[in-house]
Structures are given as C-alpha cells and as structure tokens.
Amino acid sequence: MNGAVALPRLALLGNPNCGKTALFNLLTGARQKVANYAGVTVERKQGWLETPQGRRAQVLDLPGTYSLEPLSQDESVTRDVVTGRLPGEARPDLLVCVVDATHLRLNLRLVLEAQALGLPMVLVLNMADVAQARGVRIDMDRLAEELGLPVVPAVGVQRDGAQALLRQLDELMAAGLPPAQAPGDLGVATDPGHLNLRVRTLLAAVLDEPPRRWTADDRIDRWALHPVWGYALLAGLLLLMFQAVFAWAAWPMDLIEAGMGWLGEQVAAHMAEGPLRSLLVDGVIAGVGGVLVFLPQILVLFLFIFLLEDSGYLPRAAFLMDRLMGSVGLSGRSFIPLLSSFACAVPGIMATRTISHWRDRWLTILVAPLMTCSARLPVYALLIGAFVPQRTVAGLFNLQGLVLFGLYALGIASAMAVAFIVSRRGAGGRSTPLLMELPAYRWPSARNIARGLWERALIFIRRVGGIILALMVLLWFLSSYPAPPEGFTGAAVEASFAGRLGLFLAPLFAPLGFDWRIVVALIPAMAAREVVVAALSTVYALSASGDQVADALGGLIGSQWSLATALSLLVWFVYAPQCVATLAAIRREAGGWRHAAIVTVYLFALAWAASWLTYRLVLAWSGS
C-alpha cells in the first residue's frame, strides 16, 4: 500500500547448533517463507513476528557462522548481510545475537565481533533451561552492563520460550530503534589476542560454572561415540528405521490402496467408456494413486530423521563418521550434506556450500546422488513388497526391512568407493577436519516434529498433485495415441508414441532384463524418481485387458517379472542418473552444465553396469 510504514527488519545471528532456527520458528510460526538470496544458492528464511503489544517486524534467519571472517559461502552471505554489502538486501535494523547458554565461552566471540558492526543489538541466551539444569549461572544484568546491550533468556523449543525476547522487542520498538552506525574496525574486533583477552575478562565477571563432573550426556556419549559400540548403535538405529518403514506403515498404506481402488471402480462403473474415463481411471487414479500410497512410509522415514535430529544425536553421528569419511578422501564437513541427501539430493547438494575448499565440495557433490533419497522409497517398497516375502529373520528382523537396509547400505558403500577412487586420482590435499559443537541431549519436541511431518506431507502431496499428475496425463496421452491400426495383434499401448519409444530403446536395456514397458516408465522418472511407480501403473493399466486398474501393481508385476529383473531394477535405482532438479542443483552449485553432465554420465554407466551384473548373477544363481 502507498504510504505504508516499512516493518523493522530483525536478523538472527549465531553459531551453528545454538538453537537459532528453532527460535526463528517459534517467533514466526507459519508466517515464514524460504527462498534463495539473489545471485547465490544460499537459503534465505524470512518470517514475520508479532509482539504482545501487537507490533510487527520482519525476521531474517541468517546462516550459522562462527566468525565474521568467512570460510564458506554461507558465512560470506551472513557477513555481507550484516555489513550491508549484499546487493538487493537491506541492512538489518536490529541484530538479535543468539548464543547457546551452555557454551557461552565459545559463543561470545561472535557477539564481540558483531558489536563492531554498529547495529542495535539484543543478546539472547538460548537453551537457558539446560544451562540452569546443569548448574550454570550467568549474571545477565552484569553481562548486559559489560556489553552495553539488552540480554534476555530464551528456550527455543518451548511454546512460551521467547516471551522475554518479545517483551524486549516491544520496548525497543516503542522507543524507536536507534539508527545504525557505520561498521567499526572489524580487523581489531576479530584479532585473536583482542578477542581472547575480552572473552576471559567477560567470563570471569558473569559466568559461574560448577566443577566439571560426569554428566548424563557424558555417560551416553561414552557409548554413542565409542569406536566400536558407536558404529553398532548407529547401524542398529538405521536398521530399526528401515524395519519400521515397512511394519508401521502397512495399515495406512492398505487403507490408501483400498480407497484408490474403490475410487477407480466407482469412476469406471459410472462413466461411459471412452477417452475421458481412460484418462481418469488409467492415468490419474492408477498413476497418482500408485504414488500416494507410499506417503505413510515416507513419513515414518522422516519421523526417525526428525527424532534423531531433535534429540541431539545427529551431530554425534557426524562426529563418529568423520574418521571413516576422511579415510576415503571426504571432508568431515561432508557428513551433513550427505545425510541431507537421504531426504532429497537437492538440499544435500546445496548444503555443500558450507564446505570451504572446492576439492572437498566437488567430491561431496559427486557422491551425494548415491545417497538413497526419499523419492526412491516408493520404487523400493513396490519391488520389495512384490518379490521379497514377509518373513522373520533370526526371530527379530523383517526380511523386507533387511533388504531395504541393504539397498541404503549399498548406496553408502558405493559413494565411499567412488570418493576413494576419485580422491586418489584427483588433486592431492588433505580433507578439511570437522570442527563442531555437540549439543546437549534433549527430549525431541513433539510440536517441532509434528510441524516437520506436516510440511513433508504437504511437499509430497503437492508433488503428487503437481508434477506427477502432469506427467501422468502426458504419459497417458503418449500411451493412448495414436490408436492402433486395424488388425493390430499386440496391446494397444505398443502402437502409441510411448510404446514406440519404449520399443526403440528396449535393445539398450534388454541386457538388464528390462522390457519396453519398464523403459517407458524410466523416461518420466528423470523428472521425479517416484514417477516410475505411477508410470508403471499407467502403462500396465493401459496394456491390461478390459478395465483392469493397476491398483494391485505389486501383484501384477510379481506374476509377470522374473526375480532377476526385479533385483536388476532395484540396483538400477541405487545408481540411476538423477532427476532434472538434482542436475540443475549441481549446475548451480558447481558453476556449469559440464559438472552436471559428468555426474549424469558416470551414474548412467554405473547403473547400467551394476544392473547388468546383478541380472546375470541372479540368472546364474537361479539356473535360468
């Protein structure tokens, strides 16, 4: 609106793992959006808060940094935003420095650097509840006096944990935020000797810590970080996760499958035969329903990821894996991007921007697609459910869950092997060591986990209702037209555009055990991995007799495919060339299509060779 008063712009600044993003979510709730900073691929999270007195402000969650002397693209963006150097990004009106109250000694350095920026500031002692439980006492009044700025406590994971900060913001905005001053001498502010002297001085005046004692966290870490039992615990947690993906999701999947089957039958029964009925039944319901049925399994997978992240275990898993990753030439900082790639390779590849050295970053980008993203889960679940029996192993494990665990392990092992080979053949140099703080263990927040699961469900449903639906309509058209000539003896779909393309490419994939229908399904999977299930549903529905709907796709392929073909396709998707979105992310992060082309070619070659070997070995084993 013309004449509207611009809202104050607040920026949250803090070290990684200080709880800054949890505080941002608490302040903004659903009033937030995520985009990228102009000209770079660094994620930009912005939201809007409202104080108890009804005042509103914009809130920007800056990428975590340990210093204003950046070592990565993330840290460079943070530095440029707070200093006003980033084009198209206004300098904040107020800087909210968030520190972990349990690690004040490590967090104060960034606060002192930020003071030289000349911006109005508020210091937030986050995780104040954990600090109090540990007997850590911080004299907030004295700290505020020494620093010359307001200091407030906060608990970012509690519903009312930001009330003190909101009241402080009310006071500041009511009085009017003072104008920003020109940045001071950052060279002096970041001088190690100056910082060390100031931090020792401040801690002596405001911090009272109990003598170091053996805490519950230490007792847990004794096992969680053990060089033997730590790996066993991590493997056990992953195995439990994959067991749960099949066991816990079974009944909601049955409900969705039954619902989609009933819907297809109703549409078929109440519509006259013709192209529109075929589109709805064979294209929309069979295709989209074939993917939607796997939503419960994806949510179970993310439930475990969120539980491990919110509890504080994931940074410890990164610490545990650092030595193993270093042995194959990967940076210790590669763990988090690779872990993110289990959800989706796109944010995983974007997360490599926290890696400062190009050699380490490129190697991580190169192997990130080998991490099994959630989009492959529907394919794995379909084939495992069709060809692997429901059987208990050793009286404890589900055989289907073990096979799924093996596929994830195969992707990880392959990534380690590729990294080892490339690092030995490429430029030399030591990998960057992993330096990180281990947060305190805490009970996961049910509210945060519920919000995360809801967001993942919406993302999946939007994909089903967006790109997957569009691709299924297009595939239905290509699989339905042109109509077969009179006297055609094969399935009608064989005469269509899609059928002709599948038959043309079939010789390339025949050595892997794939027929033309599988080839047709692989083509739209380049847009989104999970589309292959919907594509198979559509192609088989159109090639089935009568009005058969492919809601029982698992049983259909189980009766028509050989075990060798199914295992070959499973292995194909461990290595398959990535979706277009992943290749575009590689182009943006690596700086050109050349790197995306390298990834595409090597993954295609790896997928073809591994599938061929699997197919031949299974045929030899079965005596076929």
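Parameters and conventions
The residue numbering used here restarts from 1 in each chain and proceeds along that chain's sequence as written. For a predicted model such as this one, the threshold for reporting local features is a pLDDT of at least 70, and the threshold for listing and counting side-chain atom pairs is 80 or more; totals across whole chains, interfaces and linings nevertheless cover every residue. Only heavy atoms go into the side-chain values, all of them from the structure, while hydrogens and water stay out. Each helix corresponds to a stretch of at least 4 residues labelled H or I by DSSP, and each strand to a stretch of at least 2 residues labelled E; elements are numbered beginning at the N terminus. Note that the radius of gyration is over C-alpha atoms, with the globule rule given as 2.2 Å times the number of residues to the power 0.38. Only protein chains enter the area calculation, which uses a 1.4 Å probe; residues under 20% of their type maximum are buried, those over 50% are exposed, and those in between are partly exposed. Here the expected span of a helix is defined as 1.5 Å times the quantity of residues minus one. We define a polar contact as two N or O atoms separated by no more than 3.5 Å, with the added condition that, inside protein, one atom must be a possible hydrogen donor and the other a possible acceptor, whereas residues neighbouring each other in sequence contribute only through side-chain atom pairs. The angle between two axes is taken between their N-to-C directions and runs from 0 to 180 degrees, where each axis is a line fitted to C-alpha atoms and a helix contributes only its stretch in contact. Note that the term roughly parallel is reserved for angles under 35 degrees, roughly antiparallel for angles over 145, roughly perpendicular for angles of 65 to 115, and oblique for everything else. The crossing is said to be left-handed when, going from far helix to near helix, the turn is anticlockwise and less than a right angle, and right-handed when the turn is clockwise. Should any heavy atoms of two residues lie within 4.5 Å, those residues are counted as being in contact. Note that Gly is not counted as nonpolar here; it falls among the polar residues with everything else outside the nonpolar set of Ala, Val, Leu, Ile, Met, Phe, Trp, Tyr, Cys and Pro and the charged set of Asp, Glu, Lys and Arg. A patch consists of residues whose relative accessible area exceeds 30% and which take part in no salt bridge; residues with like charges are grouped when within 9 Å of each other, and nonpolar side chains (Val, Leu, Ile, Met, Phe, Trp, Tyr) when within 5 Å. Where accessible areas are quoted, they stem from the Shrake-Rupley method and a 1.4 Å probe; at the residue level, only the protein chains shown are allowed to cover. Here a salt bridge means any side-chain nitrogen of Lys or Arg lying within 4 Å of a carboxyl oxygen belonging to Asp or Glu. The method works on a 1 Å grid over the protein atoms by themselves. A cavity is a set of points holding a 1.4 Å probe that cannot get out, a pocket is an open set with protein on both sides within 12 Å along at least five of seven lines, and residues with an atom within 4 Å of a point line them. Grid points are joined across faces, edges and corners, and a volume is the space filled by probe spheres set on the points. In this analysis, strands are considered paired if DSSP registers two or more bridges between them. When two rings of Phe, Tyr or Trp (its six-membered ring) have centres within 6.5 Å they constitute a pair, described as stacked for plane angles under 30 degrees, edge-to-face for angles over 60, and tilted for the intermediate range. In this description, a disulfide is simply a cysteine sulfur pair whose atoms lie within 2.5 Å. Note: pLDDT gives the predictor's confidence per residue, expressed from 0 to 100.

> With reference to specific residues and values, describe the overall build of the chain.
Of regular secondary structure, the chain possesses 27 helices and 11 strands. Computed over the C-alpha atoms, the radius of gyration of the chain is 28 Å, within 12% of the 25 Å expected from 2.2 N^0.38 for a compact globule of 624 residues. Projecting the C-alpha coordinates of the chain onto the three principal axes gives extents of approximately 90 × 60 × 45 Å. The 624 residues of the chain split such that 52% are buried.

> Break down helix H19 (residues 399–425) for me, with residues and values.
Three- or four-residue spacings in an α-helix give side chains the same orientation, since the helix completes a turn every 3.6 residues. Taking 1.5 Å as the rise per residue, H19 with 27 residues should run 39 Å; its terminal C-alpha atoms sit 39 Å apart, in good agreement. Of the residues flanking the start of H19, the one acting as N-cap is Asn398, its side-chain oxygen 2.7 Å from the backbone nitrogen of Gln400.

> An account of the packing of helix H17 (residues 358–367) against helix H27 (residues 593–622) is needed here, citing residue identities and associated values.
Packing of H17 against H27 brings their axes to within 10 Å, and their N-to-C directions diverge by 40 degrees. When the interaxial angle is binned, H17 and H27 end up oblique. Between H17 and H27 lies a crossing whose hand is right-handed. Contact residues: Trp358, Trp362, Leu366 and Val367 in H17; His595, Ile598, Val599 and Tyr602 in H27. Broken down by class, the residue content of the contact of H17 with H27 amounts to seven nonpolar, one polar and no charged.

> Residue-level account of the packing of helix H10 (residues 229–247) against helix H14 (residues 314–327), with values.
For the pair H10 and H14, the least separation of the axes is 11 Å and the interaxial angle reads 115 degrees. As H10 runs across H14, the sense of the crossing is left-handed. Counting all contacts with H10, which are made through Gly230, Tyr231 and Leu234, the residues of H14 involved are Ala317, Leu320, Met321 and Leu324. Of the residues in the contact of H10 with H14, the class split is six nonpolar, one polar and no charged.

> Would you mind going over a nonpolar patch on the surface in detail, with residue names and values included?
On the surface, Trp223, Val228 and Trp229 cluster together to form a nonpolar patch covering roughly 370 Å² of accessible area. Note that Trp223 resides in helix H9 (residues 216–224). Judged by relative accessible area, which is 51%, Trp223 ranks as exposed.

> Tell me about empty space enclosed by the protein, and please be specific about residues and values.
With the rule as written, the count across this model stands at one cavity of 30 Å³ or more. Empty space within the largest cavity amounts to approximately 30 Å³. Lining the largest cavity are Leu13, Gly14, Asn15, Cys97, Val98, Val99, Asn107, Leu110 and Val111. Mapped by element, the contributors of at least two residues to the lining of the largest cavity are strand S1 (9–14), strand S5 (94–100) and helix H3 (104–115). Looking at the lining of the largest cavity, its residues break down into six nonpolar, three polar and no charged.

> Residues and numbers for the pairing of strand S4 (residues 56–61), please.
Strand residues, when the strand is regular, have side chains that alternate between the two faces of the sheet. In terms of burial, S4 is largely enclosed, as five of its six residues are buried. Across four bridges, S1 lies against S4 in parallel orientation. Paired with Leu12 across the strands is Asp61, a residue of S4.

> Mind laying out the pairing of S5, listing which residues take part and the relevant values?
Along S5, seven of the seven residues are buried, which leaves the element largely enclosed by surrounding structure. Here five bridges tie S1 to S5, and the two strands are oriented parallel to one another. The residue bridging Ala11 from the neighbouring strand is Leu95, located in S5. Pairing analysis gives six bridges linking S5 to strand S6 (residues 121–126), with the strands arranged parallel. Bridge pairing in S6 links Leu95 to Met121.

> Summarise the packing of aromatic side chains; cite the residues concerned and give the values.
The description of two aromatic rings rests on the distance between their centres and on the angle between their planes. Considering all chains together, one arrives at 10 aromatic pairs under this definition. Seen from their ring centres, Phe509 and Phe514 are 6.2 Å apart, and the 15 degrees between their planes marks the pair as stacked. Centre to centre, the rings of Phe509 and Phe604 are 6.5 Å apart; their planes meet at 80 degrees, and the pair counts as edge-to-face. With Phe509 in helix H21 (residues 497–509) and Phe604 in helix H27, the pair connects residues that are 95 residues apart, well separated along the chain. In this structure Phe604 comes out as partly exposed when scored by relative accessible area, which is 32%.

> Talk me through H21; I want residue IDs and the actual numbers.
The end-to-end C-alpha distance of H21, which contains 13 residues, comes to 18 Å, matching closely the 18 Å that a straight helix rising 1.5 Å per residue would cover. Taken together, the buried positions of H21 are occupied by Ala498, Gly499, Gly502, Ala506 and Phe509.

> Just give me the short version of the side chain of Glu589, but keep the residues and values in it.
Relative to the assigned elements, Glu589 resides in helix H26 (residues 580–590). At 2.3 Å, the side chain of Glu589 and the side chain of Arg361 are in polar contact.

> Tell me about the environment of Gly135, and name the residues and values.
Note on placement: Gly135 falls in the loop between helix H4 (128–133) and strand S7 (137–138). With 182 residues separating them in the primary sequence, Gly135 and Ala317 have C-alpha atoms 27 Å apart.

> So what about the pattern of salt bridges? Which residues, and what values?
Applying the stated rule across the entire model yields 12 salt bridges. Here Asp129 makes a salt bridge to Arg442, at a shortest N to O gap of 3.2 Å. On the criterion of sequence distance, the pair formed by Asp129 in helix H4 and Arg442 in the loop between H19 and helix H20 (446–480) is long-range, its members being 313 residues apart.

> So what's going on with unusual backbone geometry? Residues and values would help.
Although it is not a glycine, Met127 adopts a positive phi angle of roughly 60 degrees. By the element assignment, Met127 lies in the loop between S6 and H4.

> Account for the state of the cysteines, naming residues and giving values.
Under the counting rule described, the total for this entry stands at zero disulfides. Cysteine Cys97 remains unbridged, with the sulfur of Cys18 as its closest cysteine sulfur at 9.5 Å.

> How would you sum up the confidence of the model for the chain? Please name residues and give values.
On average, residues of the chain carry a pLDDT of 82, and 91% of them reach 70 or more. Looking across the chain, the model is least confident in helix H7 (residues 186–189), with a mean pLDDT of 52, and most confident in strand S8 (residues 151–153), with 95. Note that pLDDT drops below 50 for residues 545–551; the model gives that stretch 11 contacts with residues more than four away or on any other chain.

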